[in-house]
Amino acid sequence: ENCLEKTIEMWEEYLAKADAANKALARRFIARARRNSFERNHNQENINSILELMEKNIDQEPNNETNIRIWFNALRYLETNSPELFLDEALSKLAVWKSIGGNREAYYYYFILICIKAIENSSMAESQIPLLLHELRDKTKNMPNKNVIYEWLGKGTGVQRLFSCIDEGRGR
């Protein structure tokens, strides 16, 4: 076992014993460690674990933007045979998270996925873009770096088309 796997195991043991107030932080530590593990071995179990951990965190802390960001960054690496259905499921979750927490990250990623649907020929998604853009601008008006491009569109379909500015340096 390598050091990273031991770290994940240690945090999972802590999570099992932690009180409710500390569980979300422990899940984020585990998710970040699993992301590092995924980068080394490309094991899809790591991605599934990250998604599950962050969905629990979002239920517990709907206003914590970090949880949605970690969830979304893992989502792009989940392999699927049904990219259109997968995209719709992700949109459905983000719509719920937008409504319960007013989380800027939920608005941001929802907008991005609607744009992908529009690019992939959904006229209904295309018709939503002006309203969603207005909502997103309203939610992000006081954010620094709101003009920085974080997400890029690549080849493929659905969510897998996306790569972040961080991924670009990793040859994605």
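Rules of the game
- Residues numbered from 1 in each chain as written.
- Predicted model: local features only at pLDDT ≥ 70, side-chain atom pairs only at ≥ 80, totals over all residues.
- Heavy atoms only, no water.
- Salt bridge = Lys/Arg side-chain N within 4 Å of Asp/Glu carboxyl O.
- Helix = DSSP H or I, 4+ residues; strand = E, 2+ residues; numbered from the N terminus.
- Buried < 20%, exposed > 50% of the residue type's maximum accessible area, 1.4 Å probe, protein only.
- Core = buried A, V, L, I, M, F, W, Y, C linked by side-chain atoms within 4.5 Å.
- Contact = heavy atoms within 4.5 Å.
- Expected span 1.5 Å × (residues − 1).
- Polar contact = N/O pair within 3.5 Å; in protein donor to acceptor, adjacent residues only side chain to side chain.

**Q** Even after reading the chapter, I still don't get the pattern of salt bridges, so can you show me in this structure?
**A** Once their charged atoms are close, side chains differing in charge can pair, the charge on each being opposite to the other. Summed over all chains, the structure comprises eleven salt bridges. Residues Glu105 and Arg69 are paired through a salt bridge, measuring 3.2 Å at the closest nitrogen-oxygen approach. You can see Glu105 sitting in helix α6 (residues 104-119) and its partner Arg69 sitting in helix α4 (residues 65-75), a full 36 residues away along the chain. Exposure remark for Glu105: the relative accessible area of 9% places this residue in the buried category. Residue classification places Arg69 among the partly exposed residues on the basis of a relative accessible area of 32%. In this structure, Glu135 and Lys98 form a salt bridge, with 3.3 Å as the shortest nitrogen-oxygen distance. Residue Glu135 is found in helix α7 (residues 123-140), and its partner Lys98 is found in helix α5 (residues 83-101); the two are separated by 37 residues along the sequence.

**Q** In this structure, what is going on with the nonpolar core? I would like to understand it.
**A** Considering soluble globular proteins, one finds that nonpolar side chains tend to be buried as a cluster. Counting 45 residues, the largest nonpolar core has Ile47, Trp71, Leu75, Leu94 and Leu113 as the members making the most contacts within it. For this core, the secondary-structure elements that each account for two or more residues are α1 (3-17), α2 (20-41), α3 (44-60), α4, α5, α6 and α7. Considering each element in turn, this core owes the most residues, eleven residues, to α6. If near-sequence neighbours (up to four positions away) are discounted, Ile47 is found in contact with Phe38, Ala74, Tyr77 and Leu78.

**Q** Looking at this structure, I do not really get α6. What am I missing?
**A** Because an α-helix packs 3.6 residues into every turn, residues spaced three or four apart end up facing the same way. The end-to-end C-alpha separation of α6 is 23 Å, in line with the 22 Å expected for 16 residues at 1.5 Å each. In terms of burial, α6 is largely enclosed, as 13 of its 16 residues are buried. One side-chain oxygen of the residue at the start of α6 lies 2.9 Å from the amide nitrogen of Glu105, identifying that residue as Asn103.

**Q** Would you explain the environment of Val96 in this entry?
**A** Position of Val96 relative to the elements: it lies in helix α5. On the accessibility criterion, Val96 (44% relative accessible area) is partly exposed.

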